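The residues making up each chain are set out below.
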Amino acid sequence: QVQLVESGGGLVQAGGSLRLSCAASVSVFSLTAMGWYRQTPGKQRELVATITRSDSTNYANSVKGRFTISRDNAKNTVYLQMNNLKPEDTAVYYCNGDTSWGAYWGQGTQVTVSS
């Protein structure tokens, strides 16, 4: 069983920054990939950014150049640095961890960007 705990969400004005953290209960090396997804009411959960065990990253087009995903192996934690936030970034952000036997999700953290 893998537990993922997100933190760092909150309310910020447009143009501001936030850093989300996702602490895993296992070594991040045991996860094939970790990522951040987001969801707004009535919409499907969408990919924001992922990072693989080999540090390959992938971003949604809407966040390229503004968001950065990174990992601290010693802390078993993945981060999402979000800069130049826009109102359309408002969503619940979920941490995801993939293993060879399944995928795990955190409980989500709310990010609200005011205009």
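Residues numbered from 1 in each chain as written. Predicted model: local features only at pLDDT ≥ 70, side-chain atom pairs only at ≥ 80, totals over all residues. Heavy atoms only, no water.

Before going further, it helps to spend a moment on the environment of L18. Among the structural elements, L18 can be located in strand β3 (residues 18-24). Here L18 falls in the buried class, since its relative accessible area comes to 15%. In the structure, L18 is positioned 84 residues away from G102 in sequence and 29 Å away in space, judged by C-alpha atoms. Each residue touching L18, except ones within four places of it in the same chain, is listed here: G8, G10, V12, L80, Q81, M82, L85 and V111. (Helix = DSSP H or I, 4+ residues; strand = E, 2+ residues; numbered from the N terminus. Buried < 20%, exposed > 50% of the residue type's maximum accessible area, 1.4 Å probe, protein only. Contact = heavy atoms within 4.5 Å.)

Within the largest apolar cluster, 29 residues are counted, with the highest numbers of intra-cluster contacts made by M34, W36, L80, M82 and Y93. Contributions of two or more residues to this core are made by β3, β4 (33-39), β5 (46-52), β7 (67-72), β8 (77-82), β9 (91-99) and β11 (109-114). Here this core gets four residues from one element, more than from any other, and that element is β3. Once residues within four sequence positions are removed from consideration, Y93 is found in contact with E6, L20, W36, Y37, R38, V48, F67, L80, M82, G108, T109 and V111. (Core = buried A, V, L, I, M, F, W, Y, C linked by side-chain atoms within 4.5 Å.)

Successive residues of a regular strand alternate their side chains across the two faces of the sheet. The buried count for β3 comes to five of seven residues, which makes it a mostly enclosed element. Where strand β1 (residues 4-7) meets β3, four bridges bridge the pair, whose relative direction is antiparallel. Paired with V5 across the strands is A23, a residue of β3. With six bridges connecting them, β3 and β8 associate as antiparallel partners. From the neighbouring strand, R19 faces β8, where its bridge partner is Q81. (Pairing = 2+ DSSP bridges.)

The topology assignment puts Y104 in strand β10 (residues 102-105). The sequence separation of Y104 and Q1 amounts to 103 residues, and the corresponding C-alpha distance is 8.5 Å. With residues near it in sequence (within four places) discarded, Y104 still touches Q1, V2, L4, C95, N96, G97 and T99. A polar side-chain atom of Y104 sits 2.7 Å from a polar atom in the side chain of W101. (Polar contact = N/O pair within 3.5 Å; in protein donor to acceptor, adjacent residues only side chain to side chain.)

Taken by themselves, the reported measurements are silent on function.
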